[in-house]
Amino acid sequence: ALAVFVATLVASPQAPDAAEPCRSTIGAPEVTLKSVRGELAYDGSHSQNDLRRLFLKSGGSGRWHGWNPVGLTLADLELDFRIEVRARPLSKARFCTELARVDATLGYRSLDVYVARRYRRGTCEYEQVLDHENHHVAIFRDALTQYGPRVREALERTSRAQSPLVASAPGT
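So, here is what we can say about the structure in this document. Owing to the predicted nature of the structure, the values given are computational and were not obtained by experimental measurement. (Residues numbered from 1 in each chain as written. Predicted model: local features only at pLDDT ≥ 70, side-chain atom pairs only at ≥ 80, totals over all residues. Heavy atoms only, no water.)

This next bit is on the nonpolar core. Membership of the largest hydrophobic core comes to 24 residues, with the highest contact counts inside it found for Val115 and Tyr119. Secondary structure elements with two or more residues in this core: β1 (30-36), α2 (48-57), β3 (71-89), β4 (94-115) and α3 (124-160). Those residues in contact with tyrosine 119 that sit more than four places away from it in its chain are Val70, Glu125, Tyr126 and Val129. (Core = buried A, V, L, I, M, F, W, Y, C linked by side-chain atoms within 4.5 Å. Buried < 20%, exposed > 50% of the residue type's maximum accessible area, 1.4 Å probe, protein only. Helix = DSSP H or I, 4+ residues; strand = E, 2+ residues; numbered from the N terminus. Contact = heavy atoms within 4.5 Å.)

Structure representation (structure tokens):
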């Protein structure tokens, strides 16, 4: 979303006839990144066929033909942006605009852990499958921890590279 917004801003260069130059008055935009580890939900009500369908529905590869899952962990990853743009008048109908702030959220809405219903809670088999699926939860959360700083650095670098732009009021 930010890349699309940034591309739109870059595509609108300062007009050469602007009376006052459009220069930054606020410096580098402030960037925040919030990491969301996701709420865990456990479900033991689905059959192995149900788990296979959930896997495929979530974008999993169909090349695992014949795979009979006993457990499944699905993560709902989201990257959300909120941006603040400040504008100051250059004339009655022209404004100097610049990116002031980017607040981003990266993480999981939810982490859904499934254990096939053929394994009853409290059994050794159930605990083994659950332990395996909890390893997947740890991997998802570790990836968030590892990649979060890289995402923040990329947001900061991209935000700092944006020059102020001249915008016209609608209908002018």
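Anyway, onward from the coordinates.
The next point concerns the packing of aromatic side chains. Counting across every chain of the model gives 1 aromatic pair. For the pair tyrosine 108 and phenylalanine 140, a centre-to-centre distance of 5.9 Å together with 65 degrees between the ring planes defines the contact as edge-to-face. Here tyrosine 108, found in strand β4, pairs with phenylalanine 140, found in helix α3; they are 32 residues apart in sequence, far enough to count as distant. (Phe/Tyr/Trp six-rings, centres within 6.5 Å; stacked < 30°, edge-to-face > 60°.)

Our focus in this paragraph is the state of the cysteines. By definition, a disulfide links two cysteine residues through a covalent bond between their sulfur atoms. Applying the stated criterion across every chain, the model contains 1 disulfide. With a sulfur-sulfur separation of 1.9 Å, cysteine 22 is cross-linked through a disulfide to cysteine 96. Judged by the sign of its S-S torsion, about 85 degrees, the cystine formed by cysteine 22 and cysteine 96 is right-handed. Separated by 74 residues along the polypeptide, cysteine 22 in the loop between α1 (2-10) and β1 and cysteine 96 in strand β4 bring together distant segments of the chain. Of the residues examined, cysteine 96 reaches a relative accessible area of 1% and is grouped as buried. (Disulfide = S-S within 2.5 Å.)

Here proline 149 is to be found in helix α3. On a C-alpha basis, the gap between proline 149 and leucine 33 in space is 8.5 Å, while along the polypeptide they are 116 residues apart.

When you line up the elements, serine 159 lands in helix α3. Polar contacts involving the side chain of serine 159 include one to the main-chain carbonyl oxygen of leucine 155, which spans 2.7 Å. (Polar contact = N/O pair within 3.5 Å; in protein donor to acceptor, adjacent residues only side chain to side chain.)

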